[in-house]
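Close look at the chain arrangement
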Amino acid sequence: MIADLRSIPSSVELRAPQAAPLLSVDRLKAYYKVKLFGIDREVRAVDDVSLKINRNEIYGLAGESSSGKSSLIKTIAGAIRPPLRVVEGSVRFSFKDGERDIYKLSPQELSAIRWSHLSYIMQGSMSVLNPVRRIKHAFADFALPHVAAKGADFTHLVEGHLKRLHLDPAVLQAYPHELSGGMRQRVTIALATICSPEFIIADEPTTALDVIVQKGVLAMIREIQQEFGSSVLFVTHDMAVHANLTDRLGIMYAGRLVEEGRTRDVFKRPLHPYTAHLISSLPRIGDEAPKKALEGSPPSLADPPPGCRFHPRCPLAIDICRREAPPMVELLPGHRTACHVAQADPARVRPVA
Amino acid sequence: MKPNLLDVEHVNKIFTRGGFVSRRVTHAVNDVSFSLAADKPEVFTIIGESGSGKTTLAGMILNSLTPTGGQIRFRGRDLREIRSRRDRLEFMSHVQAIFQNPFDAFNPLKRVDRYLFSAAKRFMECRTPAAAAERVDESLHKVGLSLAEVQGRYPHEMSGGQLQRVAIARALVSNPSLIVADEPVSMIDASLRMTVINLFKKLRDEFGVSIIYITHDLATAYYISDRLIIMQKGRVVEGGDARTVLAAPQHPYSIKLRQAVLSVDDAWRDDSFTGGMPATAT
Ligand SMILES: Nc1ncnc2c1ncn2[C@@H]1O[C@H](COP(=O)(O)OP(=O)(O)OP(=O)(O)O)[C@@H](O)[C@H]1O
Ligand SMILES: Nc1ncnc2c1ncn2[C@@H]1O[C@H](COP(=O)(O)OP(=O)(O)O)[C@@H](O)[C@H]1O
Ligand code: SF4
Ligand SMILES: [Mg+2]
Ligand SMILES: [Mg+2]
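Cut-off values and rules
Residues numbered from 1 in each chain as written. Chains lettered and ligands numbered in written order. Predicted model: local features only at pLDDT ≥ 70, side-chain atom pairs only at ≥ 80, totals over all residues. Heavy atoms only, no water. Salt bridge = Lys/Arg side-chain N within 4 Å of Asp/Glu carboxyl O. Helix = DSSP H or I, 4+ residues; strand = E, 2+ residues; numbered from the N terminus. Buried < 20%, exposed > 50% of the residue type's maximum accessible area, 1.4 Å probe, protein only. Near = heavy atom within 4 Å. Polar contact = N/O pair within 3.5 Å; in protein donor to acceptor, adjacent residues only side chain to side chain. Areas by Shrake-Rupley, 256 points an atom, 1.4 Å probe, with all protein chains shown as cover. Nonpolar A, V, L, I, M, F, W, Y, C, P; charged D, E, K, R; others polar. Pairing = 2+ DSSP bridges. Domains from an automatic or database assignment. Contact = heavy atoms within 4.5 Å. Buried area = accessible area lost by both parts, 1.4 Å probe. Phe/Tyr/Trp six-rings, centres within 6.5 Å; stacked < 30°, edge-to-face > 60°. Lys NZ or Arg CZ within 6 Å of the ring centre and 35° of its normal.

Next up on the list: the pattern of salt bridges. Enumeration over the complete set of coordinates arrives at 30 salt bridges over all chains. Note that R55 of chain A is salt-bridged to E198 of chain A, the shortest N-O span being 3.3 Å. Of this pair, R55 of chain A sits in the loop between β2 (39–53) and β3 (58–62) while E198 of chain A sits in the loop between α6 (181–193) and β7 (199–203), placing them 143 residues apart in sequence. Here R55 of chain A falls in the partly exposed class, since its relative accessible area comes to 26%. In this structure, E81 of chain B and R77 of chain B form a salt bridge, with 3.5 Å as the shortest nitrogen-oxygen distance. On the accessibility criterion, R77 of chain B (33% relative accessible area) is partly exposed. Bridged by salt links that share partners, the residues E57, R248, E260 and R336 of chain A form one connected network.

We now examine the site of ligand 2. Residue and element names in this part refer to chain A. Every one of the 14 residues lining ligand 2 counts as a neighbour, but S66, G68, K69, S70 and S71 are closest to it. Between Y32 and ligand 2, the recorded distance is 3.3 Å, taken from a side-chain N or O atom to a nitrogen atom. Taking S70, its side chain carries an N or O atom lying 2.7 Å from an oxygen atom of ligand 2. Alone, ligand 2 offers 560 Å² of accessible surface; in the complex the protein occludes 66% of this. Breaking the shell around ligand 2 down by element, the ones donating at least two residues are β1 (23–36), β2 and α2 (69–76). Ranked by residue count, the leading element in the shell around ligand 2 is α2, at three residues. Considered class by class, the residues forming the shell around ligand 2 number six nonpolar, six polar and two charged.

With that settled, consider the pairing of strand β3 (residues 43–48) of chain B. Residues and elements named next belong to chain B. For β3, the buried fraction is high: six of the six residues fall into the buried class. Alternating residues of β3 divide into V43, T45 and I47 and F44, I46 and G48, and every residue in both groups is buried. One ladder, built from five bridges, connects β3 with strand β8 (residues 210–215); its direction is parallel. For F44, the partnering residue across the bridge sits in β8 and is I212. Relative to strand β9 (residues 227–232), β3 runs parallel, the two sharing five bridges. What sits directly across from T45, in β9, is L228.

What follows concerns the domain arrangement of chain A. Interfaces are often sized by the accessible area lost when the parts come together. All names here are of chain A. Its domain assignment divides chain A into domain 1 (2–17 + 54–66 + 105–251) and domain 2 (269–285 + 303–353). Between domain 1 and domain 2, the contact holds four residues from the first and six residues from the second. Both sides of the domain 1 and domain 2 interface together cover about 460 Å² of buried area, and 66% of this is carbon and sulfur. Taken as a group, E64, M239 and I251 account for 88% of the area that domain 1 buries against domain 2, more than any other trio of residues on that side.

With that settled, consider the packing of aromatic side chains. A full pass over the atoms with the stated rule returns nine aromatic pairs over all chains. Each ring, one from Y253 of chain A and one from Y274 of chain A, has its centre 4.8 Å from the other, and the planes form 55°; the classification is tilted. Residue Y253 of chain A is located in strand β9 (residues 248–253), and its partner Y274 of chain A is located in helix α10 (residues 273–280); the two are separated by 21 residues in the primary sequence. With respect to burial, Y253 of chain A and Y274 of chain A carry one shared label: buried. Relative to F310 of chain A, the ring of Y253 of chain A has its centre 5.0 Å away and its plane inclined at 80°; by these criteria the two rings are edge-to-face. Taken together, the residues Y253 of chain A in strand β9 and F310 of chain A in the loop between α10 and α11 (319–323) connect sequence positions 57 residues apart. Given the relative accessible area of 1%, Y253 of chain A is considered buried. When the ring centre of Y115 of chain B is taken as reference, the NZ or CZ atom of K110 of chain B above it lies at 4.4 Å. Against the face of Y223 of chain B rests K201 of chain B, its NZ or CZ located 4.3 Å from the ring centre.

What follows is the structure, encoded as structure tokens:
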């Protein structure tokens, strides 16, 4: 049997509060500049997002598809390409060997911190493995340039890393197609963490996997985080994964961060109507009550509704919601929300089942 | 006596790959049997890990793969007898499929309403555009959409949940009695997932459609299934009333599956946050 994933003391509680956050994202706006029917349009995929991620924590990011999760983390990783552009704001890391402002680095400086400081496990990251080359070549291609060890020492390092992650070094001789989906995903995680990065970004790394394999991959991520003391930014729309893995949780809706807090607080006491709905509509084994789906569909980010972007679907919407975008406000310790109604009276936000 | 809607009897599928030297034989489906009654629409769920043979079984039920052994009958008729174009079309109008990724099911350069219209022409012999439009609009209403909302739109202009509903509407155009849905919600997020799941319930309860629901997601399976089977390496290891099986699985594999489900309620069960780190063994 696989044991509980959430087995370490919550780092949020243990950390000295004055420690500088590893990542500070400040008023970040990143838009896709696209032509739609011949007209220049901006898709505001990341619109005024501020957040901080501490050392040694797993920060979860949730939100429905096309809410901007992938765009946000690509921007954080400095991995954006046109038509996506940073319009405003900053992304700063304070690594052990110094501060880095991602959008003030030269391409050389950026590629120097990749792998060693910051690594990125992409959505569908199986594609980093070349189908006609054995796994050992992938390690040589990606990691060799970033480590001091060469030749036999390098092989030794890779084998040691795999063993630490409970992977049989024999996988190095395999071709990607010979491995199961779950095994391939673990190999890509091993690849991304070989240089013990301080910050790991993972975008939906378990979405295509079945429950048993998923649990193994999640346990591996938790273990890496503990072993290396890394911070992890973990993106998925699967709320059960967040509940079991992440220390803090941010909820995105239509390009904005709408709620953030300790994962447990967000689940137990959601302070945004969208989150409240999301949590109360989750089906559970043993629960036969009918669950209502959210009416309507997410807004177009090329032409988002004015005011609060959730207002067309929000059961609590009032007049001001249609006019003014709610700011993100800390209502309870460490628990922020962007909702006019909650800011006036948090008790109004309740599960909607 | 009226024949069953579907009979799957001792069905096997063996794939052979490679040449003489390195022949690899996969027993993808191994002696699987179950029946769906004609007069009792239900959600019948197939659960199992990756590679356990679910999609292969679905392919045989859809008559796009031929069993290596055993027999599948739809309304009493052996699927092997269905060969002529006319018979195949007739069969497809009764048995429709929905797949995992709605974005794969639609060509990005083709307007989504065209799929619905071509289904109306193909299966319902709608001769005039007005008759087809009426038919299409009716199907779209069953999924909570309308032709006015969908007309002229391309796949990228719709959300994943909308697109999956359009895929279901397309499947409904021919008034099928059976829908085979292979992981229809695994690419969809939590809030939209319930839209699709509730829709299956409605199709069963209001339109009498039986649904074979293939999934990894035990929580939605619990929520909508009447009966289920659990597959491992091509075999059915356990089956029966869905809620009974999921509440108290008996077979070791089913128990393992049940225990791997991440539950929101159990996440903070152990308030001390102590205990050993799990080994990543599966
Ligand atoms: N066309 C084929 N040729 C050879 N082997 C195949 C073929 N299709 C499927 N298989 C094999 O049959 C087994 C069952 O595959 P199947 O796709 O039915 O699994 P599944 O239960 O649907 O898995 P998943 O949950 O990943 O979709 C696997 O071992 C697979 O590799
Ligand atoms: N290459 C692109 N060009 C234009 N728009 C894009 C591109 N990639 C994503 N978008 C748009 O940006 C928004 C956010 O997408 P994304 O960040 O992928 O969301 P998520 O990861 O939450 O599903 C969506 O409206 C999407 O359509
Ligand atoms: S600001 Fe208004 S519309 Fe937005 S979530 Fe709060 S109550 Fe609803
Ligand atoms: Mg994404
Ligand atoms: Mg499958």
